[in-house]
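Chain residues, written in single-letter form:
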Protein chains: 2
Amino acid sequence: MTRASRIPLPALERLSTYVRSLMELKSAGKQTVSSREMEELTGVTAAQFRKDLSYFGEFGRRGVGYNVCDLQSRIAALLRIEAEQPVLMVGAGNLGSALIAYPGWNAYRFRIAAVFDNDPQKIGGEVRGLHVYDAGRIVELNAEIGSQIGLLAVPAPAAQGVAGALVEAGVTGLVNFAPVKLDTPPGVRVRQISFLRELAVLSYLIHQD
Amino acid sequence: MTRASRIPLPALERLSTYVRSLMELKSAGKQTVSSREMEELTGVTAAQFRKDLSYFGEFGRRGVGYNVCDLQSRIAALLRIEAEQPVLMVGAGNLGSALIAYPGWNAYRFRIAAVFDNDPQKIGGEVRGLHVYDAGRIVELNAEIGSQIGLLAVPAPAAQGVAGALVEAGVTGLVNFAPVKLDTPPGVRVRQISFLRELAVLSYLIHQD
DNA sequence: TAGATTGTTAATCGATTAACAATC
DNA sequence: TAGATTGTTAATCGATTAACAATC
């Protein structure tokens, strides 16, 4: 595996926000945007915005601003979300189903290539038009699909096992919704999502004196 | 409103992880834990763990470690998650329903006090045993409930309007699942959750050379 | 040209890490 | 006491902010 990115992680996270706002500007027919206007839209300061872009190169014209279309496609290219990417969804329960139904996958060119579950009641059935496969077949089926990204929408006790299978199947990036720390080999990236943690943080912040 | 916390936000986010691990240790019957063992469990270094706690006071005994039960309840008290807190869920669609069904609310002592939607098909009905109210009644009903926390599981175009209603109803903390920047008055805290952003970040990280 | 806005440098700020004295 | 582990200080590291020269 390669050494960690020189790009600050917070900067990387903001890039995705920029893409979203640029898409909206494009839909609205706007052709040019300044860092000041981006601050208005995203809440990220103009200086921060320009600094974030500077890690990757030059994207604007002094005195003029940024071309909306061009900037959007260049950031999308940096994030590698210009070409369609297959992702594996593990867990066809409430959360998995809700995620599958989420509109917006396509805006970022992600495509759910397969859905897995270990519940015999669900295996062989469909969730929102997608076939549900036996989680035991992750390695086998991803040999065909070649996905590098997996989403874990399974109960906490199952998460580590599923993560192992996904990694064995060649996945190198995981989004984990289960409240467990996943042990993964070096080179595998895990992003954790936990709304209970967000609630706990809020709980502290709103009760401060 | 009050000035921002002196506690680093990353430290605050980690506290919730500590609570979770301590709950597990308690269930496993463990009575004492060292910062080194916590590192093993959470992935947060022992030094970081001790430093995080030091913002709040002293929690352990030198040469011995931390009492599991005691530490858990003291961190829970810091986060204000020892007493039950009512939360408002807005959006009874796929995501809202999945969140409602999520096990674990209770471990952090959150209780969904009311569910709202603006779809006439859903209003008056039930979602997983909870009554669905007209989103137009948020202010009215929260006068009774007195919740300070709201979750937004609504489509992006509806989010800003709902946020306004929640704030008017007295909510000071929001967890927003919609991919929009919410404009809120000073003093209202917003935590954003976006799995598409997580996917975009992963996309960059796994494709690095 | 004059006005606007970028890209970049330097200064500031804040968080993490390492080391160790305190103390159980 | 000797060994272990905390709480805290100081050093390091990294990100953000402010300022401005470059340039459209």
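Computed from a predicted model, the values in this text were never measured in an experiment.

Asker: In this structure, what is going on with the protein's contact with DNA strand C? I would like to understand it.
Answerer: The full set close to DNA strand C counts 26 residues, and Ser35, Arg50, Gly60 and Tyr66 of chain A together with Arg61 of chain B are the nearest of them. Across the atoms of DNA strand C situated within 4 Å of the protein, the share located in sugar and phosphate is 67%. Here Phe59 of chain A contributes a backbone N or O atom positioned 2.9 Å from a phosphate oxygen of DNA strand C. Between DNA strand C and Gln48 of chain B there is a distance of 3.4 Å, counted from a phosphate oxygen to a side-chain nitrogen or oxygen. With four residues, the single largest contributor to the surface near DNA strand C is helix α3 (residues 46-54) of chain B. The residue makeup of the surface near DNA strand C, split by class, is seven nonpolar, nine polar and ten charged.

Asker: Which parts of the structure should I look at to understand the nonpolar core?
Answerer: As a rule of thumb, soluble globular proteins bury nonpolar side chains together. In this structure, Trp105 and Phe195 of chain A together with Trp105 and Phe195 of chain B are the most contacted members of the largest nonpolar core, which totals 103 residues. Once residues within four sequence positions are removed from consideration, Trp105 of chain B is found in contact with Phe195, Leu196 and Leu199 of chain A together with Val87, Met89, Leu99, Ile100, Phe110, Ile112 and Leu151 of chain B.

Asker: I keep staring at helix α6 (residues 138-145) of chain B and nothing clicks. Help me out?
Answerer: Each α-helix winds once per 3.6 residues, and so residues spaced three or four apart point in a common direction. Residue and element names in this part refer to chain B. Among the residues of α6, those classed as buried are Ile138, Leu141 and Asn142. All buried residues of α6 fall inside an arc of 100 degrees around its axis, so they share one side. Looking at α6, the residues exposed on the side facing more than 90 degrees away from the buried face are Ala143 and Glu144. Following α6 by one or two positions, Gly146 adopts a phi angle in the positive range, close to 75 degrees.

Asker: What is the right way to look at the environment of Arg137 of chain A in this model?
Answerer: All names here are of chain A. Summarising the element assignment, Arg137 is placed in the loop between β6 (130-134) and α6 (138-145). Under the relative-accessibility criterion, Arg137 is labelled partly exposed at 32%. Taking the C-alpha atoms as reference points, Arg137 and Gly57, 80 residues apart in sequence, are found 43 Å from one another.

Asker: Quick question: what am I supposed to make of unusual backbone geometry here?
Answerer: Peptide bonds are trans in most cases, and residues, glycine excluded, mostly fall at negative phi. For Arg80 of chain A, which is not glycine, the phi torsion reads 65 degrees and is therefore positive. Judged by its relative accessible area of 35%, Arg80 of chain A falls in the partly exposed class. The phi dihedral of Arg128 of chain B falls on the positive side, at around 50 degrees, and the residue is not glycine. Assignment of secondary structure puts Arg128 of chain B in the loop between β5 (126-127) and β6 (130-134).

Asker: Honestly, the domain arrangement of chain A in this entry has me stumped. Any pointers?
Answerer: Often the size quoted for an interface is simply the accessible area lost on bringing the parts together. Residues and elements named next belong to chain A. Parsing chain A into structural domains produces domain 1 (4-78) and domain 2 (85-197). Spacing between the C-alpha centres of domain 1 and domain 2 amounts to 30 Å. Taken together, the contacts link six residues of domain 1 with four residues of domain 2. For the interface between domain 1 and domain 2, the tally reads one salt bridge. Salt-bridge contacts for Glu13 lead to Arg191; the nearest nitrogen and oxygen are separated by 2.7 Å. Residues that form the side of domain 1 that touches domain 2 fall into these classes: three nonpolar, one polar and two charged.

Asker: Would you take a moment to explain the sheet that holds strand β3 (residues 85-90) of chain A for this structure?
Answerer: Strand pairing in a sheet takes place through backbone hydrogen bonds and is either antiparallel or parallel in direction. All names here are of chain A. Spatial strand order, β5-β6-β4-β3-β7-β8-β9: seven strands in an open sheet with mixed pairing. The open sheet terminates on both sides in strands that have one partner only, identified here as β5 (126-127) and β9 (189-192). With six bridges joining them, β3 and strand β4 (residues 110-117) adopt parallel strand pairing. Paired with Leu88 across the strands is Ala114, a residue of β4. Sitting on the sheet, helix α7 (residues 156-168) touches β3, β7 (149-152) and β8 (173-176), and the angle it makes with β7 is about 170 degrees.

The rules behind these values
Counting from 1, residues in each chain are numbered in the order their sequence is written. Lettering for chains starts from A, numbering for ligands starts from 1, and both go in the order in which the items are written. For this predicted model, a pLDDT threshold of at least 70 governs which residues receive local features, and a threshold of 80 or more governs which side-chain atom pairs are given and counted, while totals over whole chains, interfaces and linings are taken from all residues. Calculation of side-chain values draws on the structure's entire complement of heavy atoms; hydrogens and water are dropped beforehand. Distances are taken per atom, and a residue is near a molecule or strand as soon as one of its heavy atoms is within 4 Å of it. Pairs of N or O atoms within 3.5 Å make up the polar contacts considered here, provided that, within protein, one atom can donate a hydrogen while the other can accept it, and that residues adjacent in sequence are counted only when both atoms are side-chain atoms. Segments assigned H or I by DSSP are reported as helices when at least four residues long, segments assigned E as strands when at least two residues long, and all are numbered from the N terminus. All amino acids are sorted into three groups, where Ala, Val, Leu, Ile, Met, Phe, Trp, Tyr, Cys and Pro are nonpolar, Asp, Glu, Lys and Arg are charged, and the leftover types, Gly among them, are polar. Buried residues of nine kinds, namely Ala, Val, Leu, Ile, Met, Phe, Trp, Tyr and Cys, make up a nonpolar core once their side-chain atoms join them within 4.5 Å. Note on classification: 1.4 Å probe, protein chains only; a residue is buried when its accessible area is under 20% of the maximum for its type, exposed when over 50%, partly exposed between these limits. Throughout, a residue-residue contact means that at least one pair of heavy atoms, one from each residue, lies within 4.5 Å. Here the arc refers to the set of directions running from the helix axis out to each C-beta atom. What marks off one domain from the next here is an automatic or database domain assignment. Salt bridge, as used here: a side-chain nitrogen of Lys or Arg that lies within 4 Å of a carboxyl oxygen of Asp or Glu. Paired strands, as defined in this entry, are two strands with at least two bridges between them according to DSSP. Only C-alpha atoms enter the line fits that serve as axes; for helices the fit covers just the stretch in contact. Angles between N-to-C directions range over 0 to 180 degrees.

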